[in-house]
Amino acid sequence: MTDSKYFTTTKKGEIFELKAELNSDKKEKKKEAVKKVIASMTVGKDVSALFPDVVNCMQTDNLELKKLVYLYLMNYAKSQPDMAIMAVNTFVKDCEDPNPLIRALAVRTMGCIRVDKITEYLCEPLRKCLKDEDPYVRKTAAVCVAKLHDINAQLVEDQGFLDTLKDLISDSNPMVVANAVAALSEIAESHPSSNLLDLNPQSINKLLTALNECTEWGQIFILDCLANYTPKDDREAQSICERVTPRLSHANSAVVLSAVKVLMKFMEMLSKDLDYYGTLLKKLAPPLVTLLSAEPELQYVALRNINLIVQKRPEILKHEMKVFFVKYNDPIYVKLEKLDIMIRLASQANIAQVLAELKEYATEVDVDFVRKAVRAIGRCAIKVEQSAERCVSTLLDLIQTKVNYVVQEAIVVIKDIFRKYPNKYESVIATLCENLDSLDEPEARAAMIWIVGEYAERIDNADELLESFLEGFHDESTQVQLQLLTAIVKLFLKKPTETQELVQQVLSLATQDSDNPDLRDRGYIYWRLLSTDPVAAKEVVLAEKPLISEETDLIEPTLLDELICYIGTLASVYHKPPSAFVEGGRGVVHKSLPPRTASSESTESPETAPAGAPPGEQLDVIPTQGDLLGDLLNLDLGPPVSGPPLATSSVQMGAVDLLGGGLDSLIGAPNFVAPPAATVPANLGAPMGSGLSDLFDLTSGVGTLSGSYVAPKAVWLPAMKAKGLEISGTFTRQVGSISMDLQLTNKALQVMTDFAIQFNRNSFGLAPAAPLQVHAPLSPNQTVEISLPLNTVGSVMKMEPLNNLQVAVKNNIDVFYFSTLYPLHILFVEDGKMDRQMFLATWKDIPNENEAQFQIRDCPLNAEAVSSRLQSSNIFTVAKRNVEGQDMLYQSLKLTNGIWVLAELRVQPGNPSFTDLELSLKCRAPEVSQHVYQAYETILKN
C-alpha cells in the first residue's frame, strides 16, 4: 500500500490521537504515527506540540523510524530550541552506534539543526565522526563542518575542525577528499582573506588521484578547486592538464564544463609552440560539440559558455561551424545564441557556407531572428573583407523582397559597411533611396539620413529627400533629429547656394523650438561654426571618419579573462562577474587568468614582474583587485556633483570618506584621515573646457600663467588593469596652487559615471582639495581632462620612496588602485628665499655629514639661465660669485612642510653649448636631498 493514506485523515482530535499513538508500546503503531506527523508537517500543519513525544521515539534500532524522527527534528528544532536539547544525548549515542549509516545520519542531522545552544554539545561527536573508520561517516562529517561554520565560525576555528578538514584532503577515500574540498571551498568563499585551501604540488597530486574515482559531483568540487590553483611553471600546468583531460569525455555536462574551465585557465601558461598545446586544442572541441546535442536548456548554457571560449580562443572551434547552424525546431534563445557564435567563427575559409545559411535565415517567420540574421550578414562583411561584395549583393537581394523589417535592418548594416569600406559600394545608394518611404523605425531612418547627408554630392535630389524628413521634425525621435541636423549641415557645406533656406530652417527648429538640450547644443555649435568660420566648419563636419572596427560587441579583455575563470557557473550565462549580481558581494573574489610564464611567451606582458625578480621586489605597490575585502562598489557616494564648480568656496570633505576606508584597509595604514576643508582656486575646479562658453571664449580656461616645469602626462593606470578606464596625468604648481592634471579615457564598452578619488597617507600630506568632478557620464572612447586641486594638510606617513603617492579611484564599475611618483619641485613654496646672513648661519649650523654631492652633466644653460630657470620653480639664488672663472650660485628652497634645503651650485664652463654642474645640498632631513637633486636635473634638462 502507498503512503498516500497518511495525507487523507479528517479526524477532529488529530493531535491528541497522534500523541496517544506516539506513546504506544507497539513499534508498528509508533512508526505509523510518526509517518502521519511527517505527512501533516509536509502539508503545512503545525505539529510542533508533539515535539517531546516524537523525540522519545528516537530511542529505536529501526533505521526508517530514526530517519523520520530526525526529519521532524530538523524542521522544528529552531522553533523549540529548549526541547531540542533533549535530543543531544541521542545524537551522542547514535554517533557511537555500530551501524555506520546511523552514525552518518546522526552527524548529518546535527549539521542541519541550526540552534546555537546545541552546537557546542555537538563538537565532540563531530570530532569522533571526522576520524571515523568508515569513509561514509567521514564524508558526511566533512560537510557538517561547513554547516557548523555557517552557524558559528569562531567555534569551528577554536575546536580545530579546519585543520582536521585539511587533513581529510589526504584521505584514502576519494569521496571523503571531494567532500573535504567542497567544505573548505565553501568556508573559504565566505572568508576570502583566509588561505584555507593552501594548495601545493603535493596536495594537488592527491586531488588529481582522487578525481578518477569520485562521484560526478565530487569531481566538480575537485575541478573547481584545481581551477583556483596557479601552477608554478608551464611544466606543472601541462602535467595537470594531462590528468584533467579524461574528464572531458564524462557524461555529466557540469563535469565537462568544469574540466574545460581548468584547461582554459592553465592553457594561458602553455607556450603556443608546444606540440601539446595543439593537441589540447583538438581535444577541447569534441566535448563542447557533444554538449550541443542535449536538451535546449542545456544547449543554451553550453552556447553561452562556448561564446566566451570562442572569444578567448577561436581556434578551438574554427572547424566546427556546421554544429552551430540553426535547426528549424530550436527555441529562439538557442537560435540567437548560435547566430552570435557563427559570426565569431566566420572566416575567409567558411564565409560562403555562412552567407548561404544566413540568407536562408532571413526568410524565416520569426521576426527577431530574421532581424538578427540580416545584421549578421552586415557583421560578416565588416569582419571578412573578401566577403564584403558578396554580403552587399545578398543584402540588396533582401531589400528587393520589400519585407519592411528586412529592408530596415539591411539599411542599418549597409551604413556600417559604407563606414568600413569608403568609396567602394556607393553605387547601391539609388536602390536604398527607393525605400525611403517605407522606413518607420528610428534606427533605420537615422541610418538613411546619415547616408543621404554623407553622400549628398552623389544624390541629385538630396535636398528634397532631407526636406521630406524635416516636415515632421518634432515627431521624430532624438536619434533621427540629431542625424537630420548634421546631415543638412553637411549638405549645406557641400551645396551652399541651393540649401541656405533649408539649413536656416533646421537650425531654428533645433535651437528655438526644441526642448532637448543635446539637440539645442549641437544646433548652437553648428550655427556659431557656420557664422564665424565656414572653413573650420567644413574641417569639423566633413572630417574624415575613422574606419569602424570589425568586432564591436566583444567582451572587454579584462572582463573576458575573469569570466573564463567562472565557466560552468551562473556568471558565464549572464556574461557578468559575480560581483554584479550576487547580493552584498559577500565572498565574491575577483579572479583572473594566470600570467604567461617567461618561457611560454617571448614578449612579457606588462602585468608580470620581470623574470627572475624575487617575490619581494614586485614593482606594483598597490594591492590588486584580488585583495579587496568585501565589495567596495556598494558604497553610496551620494548624487554625482552637477552644475558649475564652486569658485573659491571651501568644500568640506572631512564629512565623507570617499572610498569608505577601502584603500586604508588594504594598505594597512591605521587611520586614513580625509583631508579637512580647503580652498579651491576658481580656475582649477572644473574639467578643462567644460560647457559651450569655453568652446567660443578661448581666452578663459586653465593655466596660461608661467610656473614651474610641468612634466608631460604619463599613463598611471593602463586600461587593461582597470576594466577599460585609462588614467594619465602629471602634477603642476602655479601661483602657490598644486594640482593633479588628469586625463580619463574610457576604453570599455559601457558608460562610466560616479567618479571619486582618494589618496593614501603620504610623506608630505598631499590630499585632494575638492571632489573629483566629471560633469557628464564618460562614454566609450571618450576622453576628459580634469585638473584636481591638491593641498598638503592630509595625514602624513613616510613612504618608500619618499615621493610615492598611492591613489584609489572609484567609478560605477569598480574601485581601482595605482601608485605614482610626484616630482618634489611641486612642493617648493614661493617664500623659500633666505636672506644672506641667515643662509650663512644655517649652512654652518647643519652638520657636514648631512651634505650630499651630485653632478648634473651636459646642461644646455649658462649660469644666468640656470638661475632664472630654477627661480621659476621656486629655487631662489641668495648670492652669486665667480671663483677662478667658475660661477658659484648659493640657493635656498623651502618645502611645504617647512623643511629648508640649502644648495651650492658650481657652474663649470664645458664646451660652448653644454655646461657641467656640481651640486652640494645641505638639509636637516638628508633623505630629501636625493629627490631635490632629481628635481634640479628635471628642471634644468627640460
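Above this note sits the structure.
Criteria and cut-off values
- Residues numbered from 1 in each chain as written.
- Predicted model: local features only at pLDDT ≥ 70, side-chain atom pairs only at ≥ 80, totals over all residues.
- Heavy atoms only, no water.
- Salt bridge = Lys/Arg side-chain N within 4 Å of Asp/Glu carboxyl O.
- Helix = DSSP H or I, 4+ residues; strand = E, 2+ residues; numbered from the N terminus.
- Buried < 20%, exposed > 50% of the residue type's maximum accessible area, 1.4 Å probe, protein only.
- Patch = residues over 30% accessible without salt bridge, like charges linked within 9 Å, V, L, I, M, F, W, Y side chains within 5 Å.
- Areas by Shrake-Rupley, 256 points an atom, 1.4 Å probe, with all protein chains shown as cover.
- Lys, Arg positive; Asp, Glu negative; His and termini not counted.
- Charge placed at Lys NZ, Arg CZ, Asp CG, Glu CD.
- Expected span 1.5 Å × (residues − 1).
- Contact = heavy atoms within 4.5 Å.
- Pairing = 2+ DSSP bridges.
- Axes fitted to C-alpha atoms, helices over the stretch in contact; angles between N-to-C directions.
- Core = buried A, V, L, I, M, F, W, Y, C linked by side-chain atoms within 4.5 Å.

(A) Structural view of the pattern of salt bridges. The tally for this structure, following the rule as stated, stands at 31 salt bridges. Close ionic contact of Arg 313 with Glu 268 constitutes a salt bridge, the shortest N to O distance being 2.8 Å. Highlighted residues: Arg 313 in the loop between α18 (296–312) and α19 (332–345) and Glu 268 in the loop between α16 (253–267) and α17 (275–291), separated in sequence by 45 residues. Take Arg 313 and Glu 268: they sit in the same class, and that class is buried. Its salt-bridge partner being Glu 785, residue Lys 713 comes within 3.7 Å of it at the nearest N-O pair. You can see Lys 713 sitting in the loop between α34 (692–696) and β3 (714–717) and its partner Glu 785 sitting in strand β8 (residues 783–791), a full 72 residues away along the chain. Accessibility expressed as a relative area gives 33% for Lys 713, which makes it partly exposed. Its relative accessible area of 28% is what places Glu 785 among the partly exposed residues. Each member of the salt-bridge network shares a partner with another, and the members are Arg 371, Arg 375, Glu 409, Glu 441 and Glu 443.

(B) Representation of a negative patch on the surface. Taken together, Glu 464, Glu 467, Glu 471 and Glu 501 make up a surface patch of like negative charges. Structurally, the position occupied by Glu 471 is in the loop between α26 (462–470) and α27 (478–494). Accessibility expressed as a relative area gives 71% for Glu 471, which makes it exposed.

(C) A look at helix α25 (residues 442–454). Along its 13 residues, α25 runs 18 Å from first to last C-alpha, staying within 8% of the 18 Å computed at 1.5 Å per residue. For α25, the tally of buried residues reaches 11 of 13 residues, placing the bulk of the element in the interior. Every buried residue of α25 is accounted for by Ala 444, Arg 445, Ala 446, Ala 447, Met 448, Ile 449, Trp 450, Ile 451, Val 452, Gly 453 and Glu 454. Looking at the buried positions of α25, the neighbouring elements they touch are α23 (404–420), α24 (429–434), α26 and α27.

(D) Unusual backbone geometry, seen in detail. That bond from Glu 800 to Pro 801 is cis: its omega, -10°, falls within 30 degrees of zero. By secondary structure assignment, the location of Pro 801 is in the loop between β8 and β9 (804–810). In this structure, Asn 781 is a non-glycine residue whose phi angle is positive, near 65°. Topologically, Asn 781 is positioned in the loop between β7 (767–768) and β8.

(E) Region of interest: the sheet that holds strand β10 (residues 815–821). The strand order β6-β9-β10 describes an open sheet built from 3 strands, whose pairing is antiparallel. Since the sheet does not close on itself, it has two edges, and those belong to β6 (756–759) and β10, each with one partner. The sheet shows a mean angle of 25° between the axes of neighbouring strands, taken without regard to direction. Relative to β9, β6 runs antiparallel, the two being bridged by 4 bridges. Bridge pairing links Gln 758 to Ala 808 in β9.

(F) Spotlight on helix α2 (residues 27–42). For α2, spanning 16 residues, the distance from its first C-alpha to its last is 23 Å, which sits close to the expected 22 Å at 1.5 Å a residue. Of all the residues in α2, the buried ones are Lys 31, Ala 33, Val 34, Lys 35, Val 37, Ile 38, Ala 39, Ser 40 and Met 41. Those residues of α2 that are buried are in contact with α1 (14–22), α3 (51–56) and α4 (63–76). At the exit of α2 stands Gly 44, carrying a positive phi of roughly 95°.

(G) Just the nonpolar core, in detail. Core analysis: the biggest nonpolar cluster contains 212 residues, and Tyr 72, Phe 91, Leu 126 and Phe 418 have the highest contact counts within it. Not counting residues within four places of it along the chain, the set of residues in contact with Leu 126 comprises Val 107, Met 110, Ala 141, Cys 144, Val 145, Leu 148 and Phe 161.

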